[in-house]
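# Residue-level structure breakdown
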Amino acid sequence: MSDEYHRDVLEKLTELVRDEFLDGEDEELTATTPLMEWGILKSIETTRLVTYVRTEFGVRVPPAQVTTENFRDLQSIAGLVTALRG
C-alpha cells in the first residue's frame, strides 16, 4: 500500500487514541509512544481499537496478530493495518 494510506491510518489511529483513550490530552503521544508499556492500551482498549480498525478501514485483525509487537505503538499498528489491507 502507499505511504499516503499508511499516513492516513496513522493519523486516524492517533486521533482515536488521543480522543477516546486519553480524553483529548496528547502532549506526549507520538507515533512511537509505547502504548502497552505506558498502560494506554489494556485489554478493553485493544478490543475497541481492533473493532475500530475493522469498521474504519475494513481490515480484520486476526487474533494471532494481536501481539505486543504489533500493538507496541501507533506506528506498528498502522503498519499492521497497511500490511493486512495489502
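Before any of the text, the structure's been laid out above.
The structure reproduced in this document is the subject of the present report.

Definitions and cut-offs
- Residues numbered from 1 in each chain as written.
- Predicted model: local features only at pLDDT ≥ 70, side-chain atom pairs only at ≥ 80, totals over all residues.
- Heavy atoms only, no water.
- Axes fitted to C-alpha atoms, helices over the stretch in contact; angles between N-to-C directions.
- Helix = DSSP H or I, 4+ residues; strand = E, 2+ residues; numbered from the N terminus.
- Parallel < 35°, antiparallel > 145°, perpendicular 65-115°, else oblique.
- Left-handed = near helix turned anticlockwise from the far one by under 90°.
- Contact = heavy atoms within 4.5 Å.
- Nonpolar A, V, L, I, M, F, W, Y, C, P; charged D, E, K, R; others polar.

Where helix 1 (residues 3-21) contacts helix 2 (residues 43-57), the axes come no closer than 11 Å and their chain directions differ by 140 degrees. One finds that helix 1 runs oblique with respect to helix 2. Crossing angle aside, the handedness with which helix 1 passes helix 2 is right-handed. In contact with Tyr5, Val9, Lys12, Leu13, Leu16, Glu20 and Phe21 of helix 1, helix 2 contributes Glu45, Arg48, Leu49, Tyr52, Val53, Glu56 and Phe57. Residue composition of the contact of helix 1 with helix 2, by class: nine nonpolar, no polar and five charged.

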